[in-house]
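Summary of structural features
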Amino acid sequence: ILNVEQSPQSLHVQEGDSTNFTCSFPSSNFYALHWYRWETAKSPEALFVMTLNGDEKKKGRISATLNTKEGYSYLYIKGSQPEDSATYLCAFSEGNYQLIWGAGTKLIIKP
Amino acid sequence: KAGVTQTPRYLIKTRGQQVTLSCSPISGHRSVSWYQQTPGQGLQFLFEYFSETQRNKGNFPGRFSGRQFSNSRSEMNVSTLELGDSALYLCASSLGGSGFYEQYFGPGTRLTVT
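All of these numbers come straight from a predicted model, not from anything done at the bench.

About the cut-offs
- Residues numbered from 1 in each chain as written.
- Chains lettered and ligands numbered in written order.
- Predicted model: local features only at pLDDT ≥ 70, side-chain atom pairs only at ≥ 80, totals over all residues.
- Heavy atoms only, no water.
- Contact = heavy atoms within 4.5 Å.
- Buried area = accessible area lost by both parts, 1.4 Å probe.
- Salt bridge = Lys/Arg side-chain N within 4 Å of Asp/Glu carboxyl O.
- Helix = DSSP H or I, 4+ residues; strand = E, 2+ residues; numbered from the N terminus.
- Nonpolar A, V, L, I, M, F, W, Y, C, P; charged D, E, K, R; others polar.
- Pairing = 2+ DSSP bridges.
- Axes fitted to C-alpha atoms, helices over the stretch in contact; angles between N-to-C directions.

1. Structural notes on the interface of chain A and chain B
Contact with chain A, which involves 18 residues of that partner, is made by 20 residues of chain B. Interface area lost by chain A to chain B is led by W38, Y97 and W101 of chain A, which between them contribute 37%. Put simply, chain A and chain B have 0 salt bridges between them. Element by element, the count of residues in the side of chain A that touches chain B is highest for strand β4 (residues 32–38) of chain A, at 4 residues. Looking at the side of chain A that touches chain B residue by residue, the class counts come to 11 nonpolar, 7 polar and no charged.

2. What to know about the sheet that holds strand β3 (residues 19–24) of chain A
All names here are of chain A. Pairing is antiparallel in the open sheet, where 5 strands are placed in the order β1-β3-β8-β7-β6. Sheet topology places β1 (5–7) and β6 (56–59) at the edges, where each strand pairs with a single neighbour. Ignoring which end each strand starts from, the neighbouring axes of this sheet average 15° apart. Summarising the sheet, β6 and strand β7 (residues 62–67) pair through 4 bridges and their orientation is antiparallel.

All quantities given are derived from atomic positions and should not be read as evidence of function.
This is how it looks when you write it as structure tokens:
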């Protein structure tokens, strides 16, 4: 059974601080790694789709790196703002038609 | 461009009944995936349809079924409802298979089974 693990489960960060969290996935049969943000009372929103080992993606203050050989991805948030409070989900795929989702990291930004 | 829409948004059903949920994808998107989310659980994959064909199915009993129409709209059906089926059901559409393309999620249908 494929497993995608995210750590930590939750994180409290002071506004203005930078933070990062981890997604671990099987290192074999890699196809793509996705990051999504899920804010309370909204729907999940795609952040990044990463396909190549060594990939680095950036969107504003959020960036992600990918290591397919060792099976992990990091998501970084620089200078956290209250609007960054959300659950961050990663999802791994071996092929075209299924994502295996992690349980998410719940990020709470303290003003 | 209109987003993914789901109907109904809220539903209350009794054990043993059946329910049909509907999802209209973003125009041009040919793939629709369905997920179940219950408190304390992550997104649990139900199935994915592409060009009217089920491409993959998650580990759910046969009571859960779906279909996709030629206009890419999709329906999900749950028969013989159980209390444990109470959940938020999300659909998501993408240009192609969810493994490679980013998904756009609808607002969800909140199903309560009493």
